[in-house]
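The primary structure of each chain is shown beneath.
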Amino acid sequence: MNSSAGGQQDLSFSSTGRYLRVYATARASAYGDSLYEFEVYASGSTGGTATLLSQGKTATSSSTENASFPASAGR
């Protein structure tokens, strides 16, 4: 999504796969891009209730702000 306003954004699409990649191609500001929370759901997979697929999965990153904020430190 280009030129997003920030805040909460919900994107829906139909697809299958094993991995999910977020690819930021340009800085949003002089401070770069920030992703504070990222959740992946399968909608309607349990009796019409969305199932959180990303819970407990390993997160990786190609870069970090510093050693205090690795991708693996996420919830």
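The structure this text deals with has already been given above.
Residues numbered from 1 in each chain as written. Predicted model: local features only at pLDDT ≥ 70, side-chain atom pairs only at ≥ 80, totals over all residues. Heavy atoms only, no water.

### Describing the overall build of the chain
Thought 1: Of the regular secondary structure elements, the chain holds zero helices and two strands.
Thought 2: Contacts in the chain between residues far apart in sequence, at least 24 positions, make up 3% of those at least 6 positions apart.
Thought 3: In the form shown here, the chain has an accessible surface area of approximately 7,500 Å², with 48% of it arising from carbon and sulfur atoms. (Helix = DSSP H or I, 4+ residues; strand = E, 2+ residues; numbered from the N terminus. Contact = heavy atoms within 4.5 Å. Areas by Shrake-Rupley, 256 points an atom, 1.4 Å probe, with all protein chains shown as cover.)

### Considering the environment of serine 72
Thought 1: Counting through the fold element by element, serine 72 comes out in the segment after strand 2 (49–52).
Thought 2: Here the alpha-carbon distance between serine 72 and serine 61, two residues eleven residues apart in the chain, equals 8.3 Å.

### As for a nonpolar patch on the surface
Thought 1: Nonpolar side chains collect at one region of the surface, where Leu11, Phe13, Leu20, Val22, Leu35 and Phe38 lie side by side and expose about 660 Å² of accessible area between them.
Thought 2: Here valine 22 is to be found in the segment before strand 1 (41–46).
Thought 3: Owing to a relative accessible area of 52%, valine 22 belongs among the exposed residues under this scheme. (Patch = residues over 30% accessible without salt bridge, like charges linked within 9 Å, V, L, I, M, F, W, Y side chains within 5 Å. Salt bridge = Lys/Arg side-chain N within 4 Å of Asp/Glu carboxyl O. Buried < 20%, exposed > 50% of the residue type's maximum accessible area, 1.4 Å probe, protein only.)

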